[in-house]
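# Topology and contacts: notes
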Amino acid sequence: YCVNMSSSFIVPFAVCLVFVGCCTNVVFLELIIREDPGAGNIITFFQFLFVAVEGLFFVTNFMQKEPKVPVRKYMFMVAFYFILSVINNYALGFNIPMPLHMIFRAGSLMASMVLGIWLLKKEYPLSKYVAVVMITVGISMATIASAQQMNSSNESTANSTKEGSPSGETSVAAVLNLVVGE
């Protein structure tokens, strides 16, 4: 069934669907993790399994044509990205707010720019440097404010005995995400 829609409507509609789908996924993931902190990894596993199998079969037309990316490299990237998502799920076990977690994950801008300059010898306009510094400062301020708020409100909870820090795990994941291009 195909509806004849003008192209001026299709793109905003598709963007809206992706945005609503992603936001819904994040909201429900946060609600489920609050109820059962260990559920994040099994949800992540099934999401990855579905996307990997769907991508493998539909991109290769049910294995009828050779994939552009070799299957071995494809599986490596899926496994690597899954491990990064597990690290991020572990950071959520510290009861940090999901919006802060998402903002912190977006903080790989500075690392991307530094690696671009260092490895690829890229040059950026001054406006990009200013934008990345402003975003990084904002993320740092939000992280510090959230950490202070968490320390004052959660001093006596069981999660305060958990080893590690949400900023540490999320920082490691943000740097490793550069490898997969997220």
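Residues numbered from 1 in each chain as written. Predicted model: local features only at pLDDT ≥ 70, side-chain atom pairs only at ≥ 80, totals over all residues. Heavy atoms only, no water.

### Some thoughts on the packing of helix H2 (residues 39–59) against helix H3 (residues 71–92)
Rules: Axis lines are fitted to C-alpha atoms, over the contacting stretch for helices. Their N-to-C directions set the angle, which ranges from 0 to 180 degrees. Secondary structure is summarised from DSSP: a helix means a run of H or I of at least four residues, a strand means a run of E of at least two, and numbering begins at the N terminus for each. By definition in this entry, angles of less than 35 degrees are roughly parallel, angles greater than 145 are roughly antiparallel, angles of 65 to 115 are roughly perpendicular, and the rest are oblique. For any helix crossing, the convention is left-handed if the near helix is rotated counterclockwise from the far helix by under a right angle, and right-handed if that rotation is clockwise. By definition, residues are in contact when any of their heavy atoms lie within 4.5 Å. Residues are grouped as follows: Ala, Val, Leu, Ile, Met, Phe, Trp, Tyr, Cys and Pro are nonpolar; Asp, Glu, Lys and Arg are charged; every other residue, Gly included, is polar.
Where H2 meets H3, the closest approach of the two axes is 10 Å, and the angle between their N-to-C directions is 160°. It follows from the interaxial angle that H2 and H3 lie roughly antiparallel. Regarding H2 and H3, the two cross each other, and that crossing is right-handed. Contacts between H2 and H3 involve Gly40, Asn41, Thr44, Phe45, Phe48, Val51, Ala52, Gly55 and Leu56 from the former and Val71, Tyr74, Met75, Val78, Tyr81, Phe82, Ser85, Val86 and Asn89 from the latter. Classifying every residue of the contact of H2 with H3 by side-chain character gives 12 nonpolar, 6 polar and no charged.

### Re H2
Note the following rule: The span one expects for a helix is its residue count, reduced by one, times 1.5 Å. Each residue is placed in one exposure class: buried if its accessible area under a 1.4 Å probe, protein chains only, is under 20% of its type's maximum, exposed if it is over 50%, and partly exposed if it falls in between.
Taking 1.5 Å of rise per residue, 21 residues should cover 30 Å, and H2 covers 30 Å from first to last C-alpha, within 8% of that figure. Taken together, the buried positions of H2 are occupied by Ala39, Gly40, Thr44, Phe48, Ala52, Gly55 and Leu56. As for H2, its buried residues are in contact with helix H1 (7–35) and H3. Two residues or fewer after H2 comes asparagine 61, characterised by a positive phi angle close to 55°.

### Some thoughts on the packing of H1 against H2
Running from N to C, H1 and H2 cross one another at 145°; their axes reach a closest spacing of 9 Å. Across the interface between the two elements, Asn25, Leu29, Ile32 and Ile33 of H1 pack against Ala39, Gly40, Ile43 and Gln47 of H2. Its residues placed into classes, the contact of H1 with H2 shows 5 nonpolar, 3 polar and no charged.

### Observations regarding a nonpolar patch on the surface
Under the convention used in this document: Exposure above 30% relative accessible area and no salt bridge define the residues that can form patches, which grow by joining like charges within 9 Å and nonpolar side chains of Val, Leu, Ile, Met, Phe, Trp and Tyr within 5 Å. For accessible areas, the Shrake-Rupley method is used with a probe of radius 1.4 Å. Any residue's cover is judged against the shown protein chains and nothing else. The term salt bridge refers to a pairing of a side-chain nitrogen on Lys or Arg with a carboxyl oxygen on Asp or Glu at a separation within 4 Å.
The grouping of Ile42, Phe45, Phe46, Leu49, Val53, Phe57, Phe58, Phe62, Met63, Val71 and Met75 at the surface amounts to a nonpolar patch, some 1000 Å² of accessible area in total. Sort the elements by how many residues they give to the nonpolar patch and H2 lands first, with 7 residues. Position of leucine 49 relative to the elements: it lies in helix H2.

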